[in-house]
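What follows is each chain in one-letter form.
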Amino acid sequence: MLSSATSSFSFHHHRHHHHHNQPLIMTLILNSPPLPCGNSKNIFSYHSHHFHRSSFHHHSFKFLNPKPFRFRSTNHIPSYSSSSSTNPIRQTLQEEDEESLDLSNFDSDDGNLVKNLPSSPAIEVKELEELPEQWRRTRIAWLCKELPSHNPPTVLRLLNAQRKWINQEDLTYIAVHSMRKRDNETAFRVYKWMLRQRWFQFDFALATRLADYSGKERKFSRCREIFDDIINKGRVPSESTFHILTVAYLSSSEEGCLEEACGIYNRMIQFGGYQPRLSLHNSLFRALIGKTGGSSKQFLQQAEFIFHNIKTSELEIQKDICAGLIWLHSYQDEIDREKIMELREEMKRLGYEEGTDVLVSLLRAHSKEGDVEETERTWLKLLDSDATLPYQAFVYRMEVYSKVGEPMKSLDIFRAMQEHLGFTTFVAYNKIIEVMSKTEEIEIVETLVEEFITSSLKPLVPAFINLMRMYSRLNMHGELEAAFFRCLEKCIPNRTIYNIYLESLVKVGNFVKASEIFNRMQCDGAIGVNSRACNTILGVYLLCGENDEAEKVYDLMCKKKFDVEALLMEKLGPILSLSKKVIKKPTRLNLTKEQREILIGLLLGGVQIESDEERKVHAIQFEFNQESSVHSALKRHIHNEYHEWVKDPSKADEEGEEIPSKFSTTAHTYFGFYADQFLSKGKPTIPKLIHRWLSPRVLAYWYMYGGHRTSSGDILLKLKGGNREDVERIVKSLKAMSLDCRVKKKGRVSWIGLFGSNSLGFWKLTETYILDNLKDLLKPDVESLELDEDQDINFDSETDSEEYVSEQADSKTN
């Protein structure tokens, strides 16, 4: 507790918060670049100054509370700007034919997203002068001045020192005063400290106000935390909190925020009983269709729910709502023709014309169904319009004619597209090569593949797969082998390419080379082996009488939980009996040592654990960045490593289809240990014994999943969760490996930087476990490091809204 000597210090105002006069701009337009989280840098420094006792008078604090703290909800609500896009359909060049919907005419009324919301409950607090004790007024005023100047640990110590006298009314005053100055950071810390006190009684008005202010600053994690507090206390959050939290999620480009926005929106209607405004309906719908088609199609049910809410609320149905739903329906595996017709009728009733977006969506739907007549009818409508013909329209016509057995018509359409547009996309090349290879038009396919290679378009792998499959069906194994090595020269082949070549070698009886290719696949972590490859080579060893090799492959298949083909199992049975080896029937899932170490590294890098507390089961949620070349290679390797655990592994593993960027394991009690270690009250944390688990393999996978090589050649490791002490344990462990590092904390993420010779030492320690095709991307740049050891990231700069941490392993630990 502060003594009366407090009066011997001045109450100098250390930092003025000017940012409360600047409205926060939250742009929710689809094509706008993502804005950084946080609207200002709130890093404060503390300086103590002596002053004369005579200056310590009651009137010195009147500026803190000139009038009662009664908030009005419209005074400081930031406005949201909007912009419109005039771009045509974005031709997103991805491996599948995916494009984003043109939203140039979509009026979501973004400028009114948070204006005129229902008022939050008013917070009533006494004036400072109304408090009976002079010493209490003095200390509260001092805390109002000092708390914003310190980092969280110091704020915690200051508040702990006031436990003997401070009460909830006093702390509410401090929180309210902080919010009036737009210092929501301090208000939140005071609020969190209050929650932990035995005398605390939940204050709905204060929580609502703080949640709303945090959401308006786009700090969705903090807003969600208070939102959950309100629900856990048995209260229903206010309409403004639901609305602002949804907008905060929509304004973020982070993975998973769109799903969270949908969840809050749904609870706003089903749990809160509120009716969202048209602007919120439209903004959420815009976000759902703002992705490429393949990734947006999963949101069809949510989009239908929004459409239903707009219609039942008798709000205006804009043209792009109907067009967007048709677009989503056209991407589904099963086309709901009746629903599409209803939406077209709705557009007609509202007086909306079917634009290019709708016509292209109809072409896609009709081509999937193989309906040539409707496809051509829609094509003629597209020709009659003044719009530029998109390349997708040609591709869908090519597809529909291939389905009805007219591949040469597809080829004519492809050549017409080249002539009309003056260019060719990789999507069109891959589609026509797929069509012609199925008809086994050898010369045409070879010509198209050569054209594709010389065009410098990518990716080439699907074209080589279709070419090699055609050669395999025609038993043209010499040409297949030439295509395989051409593929090695021109691009990075995947497991499917290797499997086709492996099976070709087996067919021609080249068992020695087949064994070499299998071993190469097994050694290359980015390729790996699957059930198909193992059964192929197992058949070879059994045929050649190489029983020892066959047993090794069988042991590998048991370890990876691959199924052995029945015919091969019959031949393998007597061999296992002779060696007195029991036939293994793996029924119980268990992680190997390698899988355990890999999982720890991935969890440090940010992989999430989903828990079902009622059933006491947990699942690992793997999520990879589609834009990262490192993650693209790592994704297949991880999918292969945890093959037996993956929930609904789909056909990707066997048929060469693209593995999704997000997949999870089955929910299992086995992962309970990792949930206990890496989760605390549902939030990521760092295990107390992590220093014992930091093996070279753990560090390597942490680097591959959550790490980054800077432009200057240094290494950064991202660490989610954990407090200062947890980070210090990791830093101390790295120092024990002769690796000095520095730490910078930004929000809930810590970045551990290894610079200069330390990054080289880290690389030498982990290189063995880095995937071969990632080494060039992740290896530190020796020449750059010799020139400048710290030029890419400023670890002495301020962070956004969190304390700065810069420490060596021997600070506080030695």
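Higher on the page you've got the structure.
Keep in mind the model is a prediction, meaning the values are calculated, not measured.

Student: I'm lost on the sheet that holds strand E1 (residues 608-612) in this one. Help?
Tutor: Adjacent strands of a sheet form backbone hydrogen bonds with each other and so pair up, either parallel or antiparallel. Here we have 3 strands laid out as an open sheet, ordered E1-E2-E3, and antiparallel in their pairing. Edge positions in the sheet fall to E1 and strand E3 (662-664), since each of these pairs with one other strand and no more. This sheet shows a mean twist of 25 degrees between the axes of neighbouring strands, independent of strand direction. Note: E1 against strand E2 (residues 617-623), 5 bridges, orientation antiparallel. Along E2, the bridge assignment pairs Glu610 with Ala619.

Student: Would you mind going over the packing of aromatic side chains with me for this structure?
Tutor: A ring pair, where both rings are aromatic, is described by two values, the distance of the centres and the angle of the planes. On inspection of all chains with the given rule, the structure shows 23 aromatic pairs. Judged by centre distance (5.3 Å) and plane angle (35 degrees), the ring pair of Phe220 and Tyr249 falls under tilted. A residue pair is termed long-range when its members are at least 10 positions apart, and Phe220 in helix H6 (residues 220-232) and Tyr249 in helix H7 (residues 239-250) qualify at 29 residues. Here Phe220 matches Tyr249 in class, with each residue buried.

Student: In this structure, what is going on with the layout of surface pockets? I would like to understand it.
Tutor: To locate leftover empty space, one rolls a probe as large as a water molecule over the atoms. If you add up the space inside the second largest pocket, you get close to 610 Å³. In terms of lining, the second largest pocket is formed by 25 residues, of which the most central are Gln522, Gly525, Lys560, His637 and Glu641. Breaking the lining of the second largest pocket down by element, the ones donating at least two residues are helix H23 (511-523), helix H25 (547-559), helix H27 (593-605), helix H28 (629-641) and helix H31 (696-706). Grouping the amino acids of the lining of the second largest pocket by side-chain chemistry returns 8 nonpolar, 8 polar and 9 charged.

Student: Even after reading the chapter, I still don't get the pattern of salt bridges, so can you show me in this structure?
Tutor: One side chain can pair with another of opposite charge once the charged atoms of both are near each other. Tallied over the full model, the rule gives 32 salt bridges. Beyond isolated ion pairs, a larger network of salt bridges with shared partners links Glu185, Arg189, Glu217, Lys219 and Arg222.

Student: What is the right way to read empty space enclosed by the protein from this model?
Tutor: Within the structure shown, the criterion is met by 6 cavities of 30 Å³ or more. Considering the residues around the largest cavity, the lining is formed by Leu603, Leu604, Gly606, Val607, Gln608, Ile609, Phe678, Leu679, Pro684, Thr685, Ile686 and Lys720. Broken down by secondary-structure element, the contributors of at least two residues to the lining of the largest cavity are H27 and E1. Classifying every residue of the lining of the largest cavity by side-chain character gives 8 nonpolar, 3 polar and 1 charged.

Student: How should I be thinking about the environment of Gln626 in this particular structure?
Tutor: The topology assignment puts Gln626 in the loop between E2 and H28. For Gln626, a relative accessible area of 54% translates into the label exposed. Spatially, the C-alpha atoms of Gln626 and Pro660 are 9.3 Å apart, while their sequence positions differ by 34 residues. Not counting the four nearest positions on each side in its chain, Gln626 is found in contact with Ser632 and Ser661.

Student: Which parts of the structure should I look at to understand the packing of helix H16 (residues 391-403) against helix H18 (residues 426-438)?
Tutor: A packed helix pair is summarised by two numbers, namely the angle formed by the two axes and the spacing between the axes. Following both chains from N to C, one finds H16 and H18 inclined at 10 degrees, their axes separated by 10 Å at the closest point. Judged by the inter-axis angle, H16 sits roughly parallel to H18. Counted together, Tyr391, Val395, Met398, Glu399 and Ser402 of H16 and Val427, Ala428, Lys431, Ile432 and Val435 of H18 form the full contact between these two elements. Residues belonging to the contact of H16 with H18 are distributed by class as follows: 7 nonpolar, 1 polar and 2 charged.

Student: What should I look at first to understand the pairing of E2 in this one?
Tutor: Looking along a regular strand, one sees side chains alternate from face to face of the sheet. In terms of burial, E2 is a largely internal element, 7 of the 7 residues being buried. Alternating residues of E2 divide into Val617, Ala619, Gln621 and Glu623 and His618, Ile620 and Phe622, and every residue in both groups is buried.

Student: How should the nonpolar core be read in this particular structure?
Tutor: Nonpolar side chains in soluble globular proteins tend to end up buried together. Of all hydrophobic cores here, the largest spans 159 residues; its most connected members are Ile174 and Phe414. Once you skip the residues sitting within four places of it in the chain, Phe414 turns out to touch Met398, Thr424, Ala428, Tyr429, Ile432 and Leu448. Of all hydrophobic cores here, the second largest spans 56 residues; its members include Trp702, Val727, Ile730 and Ile770.

Student: Where do I start with the environment of Lys775 in this structure?
Tutor: Examined against the element boundaries, Lys775 turns out to sit in helix H34 (residues 775-778). Relative accessible area serves as the criterion here: at 21%, Lys775 is assigned to the partly exposed category. Separated by 145 residues in sequence, Lys775 and Val630 place their C-alpha atoms 9.7 Å apart. Ignoring anything within four residues of it in the chain, the contact list for Lys775 reads Trp763, Glu767 and Ile770.

Quick notes on the rules
Residues numbered from 1 in each chain as written. Predicted model: local features only at pLDDT ≥ 70, side-chain atom pairs only at ≥ 80, totals over all residues. Heavy atoms only, no water. Pairing = 2+ DSSP bridges. Helix = DSSP H or I, 4+ residues; strand = E, 2+ residues; numbered from the N terminus. Axes fitted to C-alpha atoms, helices over the stretch in contact; angles between N-to-C directions. Phe/Tyr/Trp six-rings, centres within 6.5 Å; stacked < 30°, edge-to-face > 60°. Buried < 20%, exposed > 50% of the residue type's maximum accessible area, 1.4 Å probe, protein only. 1 Å grid on protein atoms, 1.4 Å probe; cavity = no way out; pocket = protein on both sides within 12 Å on 5 of 7 lines; lining within 4 Å. Points joined across faces, edges and corners; volume = space filled by probe spheres on them. Nonpolar A, V, L, I, M, F, W, Y, C, P; charged D, E, K, R; others polar. Salt bridge = Lys/Arg side-chain N within 4 Å of Asp/Glu carboxyl O. Contact = heavy atoms within 4.5 Å. Parallel < 35°, antiparallel > 145°, perpendicular 65-115°, else oblique. Core = buried A, V, L, I, M, F, W, Y, C linked by side-chain atoms within 4.5 Å.

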